[in-house]
Amino acid sequence: MGTGQKTIQKINKNLEKEVSLSIQVSLNGLSFLILENNSIRDLINYSFEKTNTPKQVLDQLMHFFNTNEKLKESFSKTTVIHDNEMMTLVPAAVFEEEHLSDYLKYNTKIFKTDFITYDVIKNEDLMVVYIPFVNINNYIFERFGSFEYKHSTTIALDHILQIQKNNNNESMYVHVGMNYFDLVVTQQNELKLYNRFEYQAKEDFIYYILFTAEQLGLNPEQFECKFMGNIKKNDPFYDIAYKYIRNISLLSSNKMRFSVDDTTNNFTLLNSF
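Cut-offs applied
- Residues numbered from 1 in each chain as written.
- Predicted model: local features only at pLDDT ≥ 70, side-chain atom pairs only at ≥ 80, totals over all residues.
- Heavy atoms only, no water.
- Phe/Tyr/Trp six-rings, centres within 6.5 Å; stacked < 30°, edge-to-face > 60°.
- Buried < 20%, exposed > 50% of the residue type's maximum accessible area, 1.4 Å probe, protein only.
- Lys NZ or Arg CZ within 6 Å of the ring centre and 35° of its normal.
- Axes fitted to C-alpha atoms, helices over the stretch in contact; angles between N-to-C directions.
- Helix = DSSP H or I, 4+ residues; strand = E, 2+ residues; numbered from the N terminus.
- Parallel < 35°, antiparallel > 145°, perpendicular 65-115°, else oblique.
- Left-handed = near helix turned anticlockwise from the far one by under 90°.
- Contact = heavy atoms within 4.5 Å.
- Nonpolar A, V, L, I, M, F, W, Y, C, P; charged D, E, K, R; others polar.
- Pairing = 2+ DSSP bridges.
- Arc of directions from axis to C-beta.

The next point concerns the packing of aromatic side chains. Tallying each qualifying case throughout the model produces 21 aromatic pairs. Taking 5.7 Å as the distance between ring centres and 65 degrees as the angle between the ring planes, the aromatic pair formed by Tyr199 and Phe205 counts as edge-to-face. There is no split in this pair, since Tyr199 and Phe205 are both buried. An aromatic cluster is defined as three or more aromatic residues linked by ring pairs; in this entry it consists of Phe181, Phe197, Tyr199, Phe205, Tyr207, Tyr208, Phe211, Phe227, Phe237 and Tyr238. One cation-aromatic arrangement involves Arg196 over Tyr180; the distance from NZ or CZ to the ring centre is 4.0 Å.

Before going further, it helps to examine the packing of helix 6 (residues 202–215) against helix 7 (residues 236–244). Axis separation between helix 6 and helix 7 bottoms out at 9 Å; the angle between their running directions is 40 degrees. Taken together, helix 6 and helix 7 sit at an angle that is classed as oblique. In terms of crossing hand, the pair formed by helix 6 and helix 7 is right-handed. Packed against helix 6, whose contacting residues are Lys202, Phe205, Ile206 and Leu210, the element helix 7 presents Pro236, Phe237, Ile240, Ala241 and Tyr244 at the interface. In terms of residue class, the contact of helix 6 with helix 7 is built from 8 nonpolar, no polar and 1 charged.

The subject of this paragraph is the sheet that holds strand 4 (residues 77–82). The 5 strands are arranged 3-2-1-4-8 in an open sheet whose pairing can be described as mixed. With partners counted over all chains shown, the strands left at the sheet margins are strand 3 (39–47) and strand 8 (148–151), one partner each. Across the sheet, the mean angle from the axis of one strand to that of its neighbour is 15 degrees, orientation sign disregarded. Examined bridge by bridge, strand 1 (residues 19–26) and strand 4 share 6 bridges and lie parallel to one another. If you follow Gln24 over to strand 4, its bridge partner there is Ile81. Seen against the sheet, helix 2 (residues 54–67) touches strand 1, strand 2 (29–36) and strand 3 and runs at an angle of roughly 35 degrees to strand 2. Along the sheet, helix 4 (residues 134–144) contacts strand 1, strand 4 and strand 8; its crossing angle with strand 4, the most-contacted strand, is approximately 175 degrees.

Once that is clear, we can look at the sheet that holds strand 7 (residues 126–130). In spatial order, the strands read 5-7-6; together these 3 strands make up an open sheet with antiparallel pairing. In this open sheet, the two edge strands, each paired with only one partner strand, are strand 5 (87–91) and strand 6 (117–121). Here the strands of the sheet are splayed against their neighbours by 25 degrees on average, with no regard to which way each runs. The strands that helix 5 (residues 152–163) touches are strand 5, strand 6 and strand 7; relative to strand 6, the one it contacts most, it runs at about 10 degrees.

With that settled, consider unusual backbone geometry. Look at Asn234: it is not a glycine, yet its phi comes out positive at around 75 degrees. Structurally, the position occupied by Asn234 is in the loop between strand 12 (224–229) and helix 7. Asn234 sits in the exposed class, given a relative accessible area of 66%.

Before going further, it helps to spend a moment on the side chain of Thr153. Positionally, Thr153 belongs in helix 5. Those residues in contact with Thr153 that sit more than four places away from it in its chain are Met87, Leu89, Val128, Tyr194 and Arg196.

What follows covers helix 4. For an α-helix, the turn length of 3.6 residues means that residues three or four places apart are oriented alike. Buried residues of helix 4: Ile136, Asn137, Tyr139 and Ile140, and no others. Axial view of helix 4: buried residues confined to an arc of 165 degrees, hence all on one face. Opposite the buried face of helix 4, by more than 90 degrees, sit the exposed residues Phe141 and Glu142. Tucked inside the fold, the buried residues of helix 4 contact strand 1, helix 2, strand 4 and strand 8. Positive phi appears at Gly145, one or two residues downstream of helix 4, with a value of about 80 degrees.

The element strand 7 is extensively covered by neighbouring structure, given that 5 of its 5 residues are classed as buried. The alternating pattern of strand 7 places Leu126, Val128 and Tyr130 and Met127 and Val129 on opposite faces, both of which are buried. Sheet topology places strand 6 next to strand 7; 5 bridges connect them, and they run antiparallel. Its bridge partner being in strand 7, Asp119 is matched across the sheet by Val128.

Laid out in structure tokens, this is it:
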């Protein structure tokens, strides 16, 4: 009887297990996060040696699924994060779904065949209009069936605005990628600016930050500058920021949904669920 009870408990435990997969896709790399019952089980980051085409990214993604045993199991939920510059923000007050291409055409090259979609920013009356990697979506649908997808900007802004909700101070958030960074400025509990900049060297990095601060009238002696993503204390990018800005810090992992060590630097992936 005791054995039978243990077997029932074990079966029930297995039935209750929920394993989710989140995939971040960019032309510079792939990242995978496997979450089991709200705990991180595996986190895989892979950077390409050079910027790839969408077709090359799909080939890399297929290779990962075909060769990595951790990615071969069934998942209760799958999420794809599209990380690219083919996006723009649109205030909800002027947003019209039939004009998606009009919103994008001024800051990215689009074609008639491009599929354009949008996300809603939960904490602000904003829409993220963007072009996803359609070939990636098609492959994930063929492999898993139903899944969710969103833009990385949506995730970053949702969480930054939530963190900033009760903070009236002038704040700048810098989400650092491999060769780009997203810059978010909040003031009086509202989003004041979002932009994405490409950089090659630390001098480019600090120039865009200080230029933005100057344009918005932010005093480097006063505003808070919080970094996240591919940056650590004492690396050249953090050091040069510290040289010019008085109040800088890393957005610590305990402000994210999951408790992970500080070497984990994929902010959007960790906050994708």
